[in-house]
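Overview (structure and organization)
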Amino acid sequence: MQTTTRAIHGEPTYTRVKREPTRLLSLYNTAPQAEITLEEFELYALDRLQILRSIESLRLRGMKGDEFRMKLEEIISACMPMTLGTAEEVRKDQISHFILRIAYCKTEDLRRWFLKHESELFRFRLERLDSNERAKFMEQSGLAYDVVSKEDVLRLKAQLQAVPIFSQQPGYGQGIHTVEVTRTQFFRIPFTQALDLVAHRQVFLEGGFAYVPVERLVSIIVARFRSSLSRGLLEAFGAMPYVLTDGRIAPLVSNMAKQYTGKDFSGTKTGDSLDLNDLDMLADRSMPMCMRVLHKNLRLEHKLKHWGRLQYGLFLKGAGIGMEDAIQFWEKEFTKIMTTDVFNKQYAYSIRHYFGKEGKRKDYTPFNCSKIILGPGPGHGEFHGCPFRHYDEANLNKLLERAGVGAMDRDEMIKLSKGQHYQLACMKHFETTHKGAESLISMDGVGNHPNAFFAASMAFYKEKNGEGGRKGGNQNPSSQTSASSAGPGEDAGDPASPHGESMEIGTGEGSPPA
Amino acid sequence: MTAAAENKENMEIASSNTNKVSVAAAAINDQEFSPELLRFFYNRLFPYQPMFKWLSYGNDPDNDAAHIVRDYFACREFSFTINDDIYIRYQSFRDASEMESAIQKKQPHKIDIGAVFTLPPKDHHTVKAEVREELGVGGKAGRHSDHIFPFAFLLRQAFKPVERELIFDIDMTDYDDIRSCCTGAKICPKCWVFMTMAVKVVDTALREDFGFRYILWVYSGRRGVHCWVCDPNARALSNDGRSAVVEYLSLPRGNEKSKGKNGGLSWPLHPSFTRAFDILEPMFESGVLGEAGQGVLDSENSWDTLLDTLPDEDLANRLRREMRRLTNAQDRWLEIKSQVRAASSAHASGNARRQSRGGRAGNGLFALDLWKYEVVFQYCYPRLDVNVSKGTNHLLKSPFAVHPKTGRVCVPIDPEDVDNFDPFRVPTLKALAAQIDAFDAQNAQNASAKALPDYKKTELKSAVELLERCVVDPVALATKRRLKLEREKEAAMIGDF
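Residues numbered from 1 in each chain as written. Chains lettered and ligands numbered in written order. Predicted model: local features only at pLDDT ≥ 70, side-chain atom pairs only at ≥ 80, totals over all residues. Heavy atoms only, no water.

1. Considerations on the sheet that holds strand S5 (residues 204–206) of chain A
Residue and element names in this part refer to chain A. The criterion, for reference: Strands pair, by our definition, only if DSSP identifies at least two bridges between them. Numbering goes from the N terminus for both helices and strands, where a helix is a DSSP run of H or I of at least four residues and a strand is a run of E of at least two. The contact criterion used throughout is that any non-hydrogen atoms of two residues lie within 4.5 Å. Axes, fitted as lines to C-alpha atoms, cover a helix only where it is in contact. Angles between the N-to-C directions of the axes lie from 0 to 180 degrees.
In space, the four strands of this open sheet follow the order S1-S4-S6-S5, with antiparallel pairing throughout. Edge positions in the sheet fall to strand S1 (146–147) and S5, since each of these pairs with one other strand and no more. By the bridge criterion, three bridges tie S5 to strand S6 (residues 209–213) in an arrangement that is antiparallel. Bridging across to S6, Phe 204 finds its partner in Tyr 211. Along the sheet, helix H10 (residues 214–243) makes contact with strand S4 (186–190) and S6, crossing S6 at roughly 115°.

2. Quick notes on the packing of aromatic side chains
Test applied: In this analysis, rings of Phe, Tyr and Trp, with Trp reduced to its six-membered ring, are considered paired at centre separations within 6.5 Å, and the interplanar angle assigns stacked below 30 degrees, edge-to-face beyond 60, and tilted for intermediate values. Three exposure classes are used, based on accessible area relative to the maximum for each residue type with a 1.4 Å probe and protein chains only: buried under 20%, partly exposed in between, and exposed over 50%.
Applying the stated rule across the entire model yields 50 aromatic pairs over all chains. Between the aromatic rings of Phe 334 of chain A and Phe 343 of chain A, the centroid separation amounts to 5.8 Å while the plane-to-plane angle is 70°, which identifies the pairing as edge-to-face. The exposure class of Phe 334 of chain A is buried, given its relative accessible area of 0%. On the basis of an interplanar angle of 45° and a centroid distance of 5.9 Å, the ring pair of Phe 284 of chain B and Tyr 379 of chain B is categorised as tilted. With Phe 284 of chain B in helix H11 (residues 271–287) and Tyr 379 of chain B in helix H17 (residues 367–380), this residue pair connects regions lying 95 residues apart in the sequence. Looking at Phe 284 of chain B, the relative accessible area reads 0%, which means it is buried. On the basis of relative accessible area, Tyr 379 of chain B is assigned to the buried category, the value being 13%.

3. Observations concerning the interface of chain A and chain B
Going by this rule: A carboxyl oxygen of Asp or Glu within 4 Å of a side-chain nitrogen of Lys or Arg is what we treat as a salt bridge. Nitrogen and oxygen atoms within 3.5 Å of one another constitute a polar contact, given that in protein one can donate a hydrogen and the other can accept it, and given that sequence-neighbouring residues count only through two side-chain atoms. Under the convention adopted here, Pro, Cys and the residues Ala, Val, Leu, Ile, Met, Phe, Trp and Tyr are nonpolar, Asp, Glu, Lys and Arg are charged, and Gly plus all remaining residues are polar.
In this complex, chain A contributes 25 residues to the contact, which on the side of chain B involves 29 residues. At the surface where chain A touches chain B, the tally comes to zero salt bridges. The interface formed by chain A and chain B holds eight residue pairs in polar contact (both at pLDDT 80 or more) in total. Only helix H5 (108–128), helix H8 (157–161), helix H9 (195–199), S5 and H10 of chain A provide two or more residues apiece to the side of chain A that touches chain B. Considering only residue class, the side of chain A that touches chain B consists of 14 nonpolar, seven polar and four charged.

4. A look at unusual backbone geometry
Residues and elements named next belong to chain A. You will see that Arg 201, though not glycine, has its phi angle at about 55°, which is positive. Structurally, Arg 201 can be placed in the loop between H9 and S5. Look at Arg 201 and you get buried, because its relative accessible area is 10%. The residue His 302 is not glycine, and still its phi comes out positive at about 60°. By relative accessible area, which is 19% here, His 302 ends up buried.

5. Considerations on the UniProt feature "binding site: [4Fe-4S] cluster" (unreviewed entry) in chain A
Residue and element names in this part refer to chain A. Put simply, the rule is: UniProt positions are given in the numbering used here, feature names are shortened, and annotations may be inferred rather than shown by experiment.
Under the local residue numbering, the UniProt record ascribes the feature "binding site: [4Fe-4S] cluster" (unreviewed entry) to Cys 290, Cys 369, Cys 386 and Cys 426. In terms of the greatest pairwise C-alpha distance, the residues named above, spread along 137 residues, form a tight cluster of at most 9.9 Å across. Within the secondary structure layout, Cys 290 lies in helix H13 (residues 289–301). Residue placement: Cys 426 occurs in helix H21 (residues 422–433).

Right, here's the structure in full:
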């Protein structure tokens, strides 16, 4: 998918086109009425999704300021240029926004995710406008606030000066900037539209109006955007039943949120494979908590239930265990409590299935974090899922303690989990167990994909110990992207239902088995 | 309603039918409050009509003109407390006369006013219970104050609060840590000054900063004051909006450690704080300092405590010696202020300023400048009960209700004249009864005077007039103007002038 869009938009040829200031940004108040092909429908949505997810991952990596803006700019111009306001750009921007609005309105988690990252994208684009363009945008969006006249600014000079501009915007750095009020433009805004500023006394009030310096305006407009989008998401939720009656787009919309747009770790054919004998050591050393738990319990119980087998099996596949090895590995463990015959009949098939050798011959991709987090939680006797998401505090604490995480770090990770920052907690786990990793290796995707965690850990030990701790596998993620053949539409479906052709929703094309 | 309550109610209907309560009968008892006095009050004095006029905001159910929300008053929640401990929520009335008969029938010891809902609160049972549960009404208020709510389509037909006045509650018990005269429910003229200060500061901020115009201040009947802001945009405020306003009006919460040191203030001071200081400092000098106030700077102990908070120890020690020399608290305060000012400008000129100890790094520089504000605010800045203001759905005691412990009527307070408001001269039920008798005796020959509504024969006359002046009349005028405007707009649209 990425490659497709790059091919379309890769070479920016728009330098000759004049910027259209009135169409650079939108509050998305009305949905566009247009015909599009199903292919475009999915393509547009995934391109926007890619941008929103990039925002998330840049933030997860703690990126701020100019660095953040530069990276984001790069990603936006690759996926969906929005710098000129041409009809083409506006069309794609509008359509993709509204598709995702529908796709992300179903649950509170999804809505919150979408709201957060759309708002951040909006803020980025708003800040990018020059003052002239911003004024035009405000005017056409019904945000035409009165500019405070020079005389009024002089009259209120003392009061305006007494309100510090305390910038807390991400990327702006914190600190008190005293404004030279006579040189700043102030807007008169009804106080009900500047509640945040009012609550923290960060604005001067007179007669029900907040006097907002232009530096503060961005957050006011973003707040407006946020609240109208929040309302819009609820409306979209109300319209959901209607959308789902359309058999063509219903599956696209339903699966959109689970789509993974990063590296999918499906290309396992290159490089060294892992040695099965190393798995116990690697589980302790290099696997994220979710996989570690699965491995330990497999060794303990000699069995995993369906979702556990799938989550761990696909992870191993992504980590470089080939099909023959995989069958050998599972067989060795399972036959401790059952006969080889039973194993072959009941379990070997599904392993071959998710390697794309049975049934519809679909090569399944390992689960990414959002799939694990949003997917079905573990029931009794099950061990799949994300420990940071699905374990209660006591169990999580015990688990982390057994994994050798210190008390302070444990507290922090538990706190993150409680705040629903499961992926941050997982990143924290990586950081505490791989001290100094940032300077050695790329931590791309850690906290977004278990295989990225594993790959980064492998790379870390390889760097640290010269040529790999033991027989380290080639887990440099960059070597895998080129081999990636499956599109992000490759949802893992359900390989355990062997004749599951009907499960193949989410994308029109299955990927050819290698 | 419990069986006991029902029983009680039936008895009361029976008794209220048997006698037209006479003043004499009510005044027999020597207490300030009794069921007889209350019955007399509800039968003859409670200003039903003005209250209805206020709370309907021009939406008269009998007016069939366009743009009138005829069930506006009917959607307002009233809540009664009968017999001290039985709460009856979700009462609602079509108009003044329905309200009157319900109050006279139930004889509530306390009347609370709630929000205006999407439908008449007495019909709230017609909405499915689980919807109400989800919405967080019925004992679980605020659970879904978050605007992300999973069943948006249910919201439209659900029972939920739509608007209510922006309210504030200031209670003397919140001042206990600085009151040396009384504690708890007790008040005296010495501590009432804190309420006066609060009314002045909050009233000024509401008018000047927020532009509100229809503000009603009410004595709570015992030890506090309530404030009702009735402007249309105040009534329409979201919960977030209410929180923002009440936070703006409150002192920033300094963390526990810096308490007394920085008080959460930071430099430069917000204009609303500077203004509050200008209002409060003279009252601090007259009402808090010295013997006439809370005894601050009156004894060695008290100035030691105060000077301990000074961020400059040398200065504090110097001042300690000075204190003994001076003879009264006001002079001591002046001396402290002038020395602090001198020290502060000396610091400002030298690098010494950097060394002054203080809370956070940024404020350390200004710790000396901030100090006098912190001292005055610590005593005088309004202490609002934020939780009362935050929710659209919070109940607040009705004006003209009676406090069962004191027998005093919750009368409006004129913010312009709050200095002269004396809670100990607020009429009690007994006094009011006597006033009617006196009036009637005096005007025995004057038939038209005798025919006056009873409340006009008593001190309540001016109290009701205050209600009318603060909210009823200006809101009625605004409604008239709004309707005229709507009609003109309509006429313009159909080309009919």
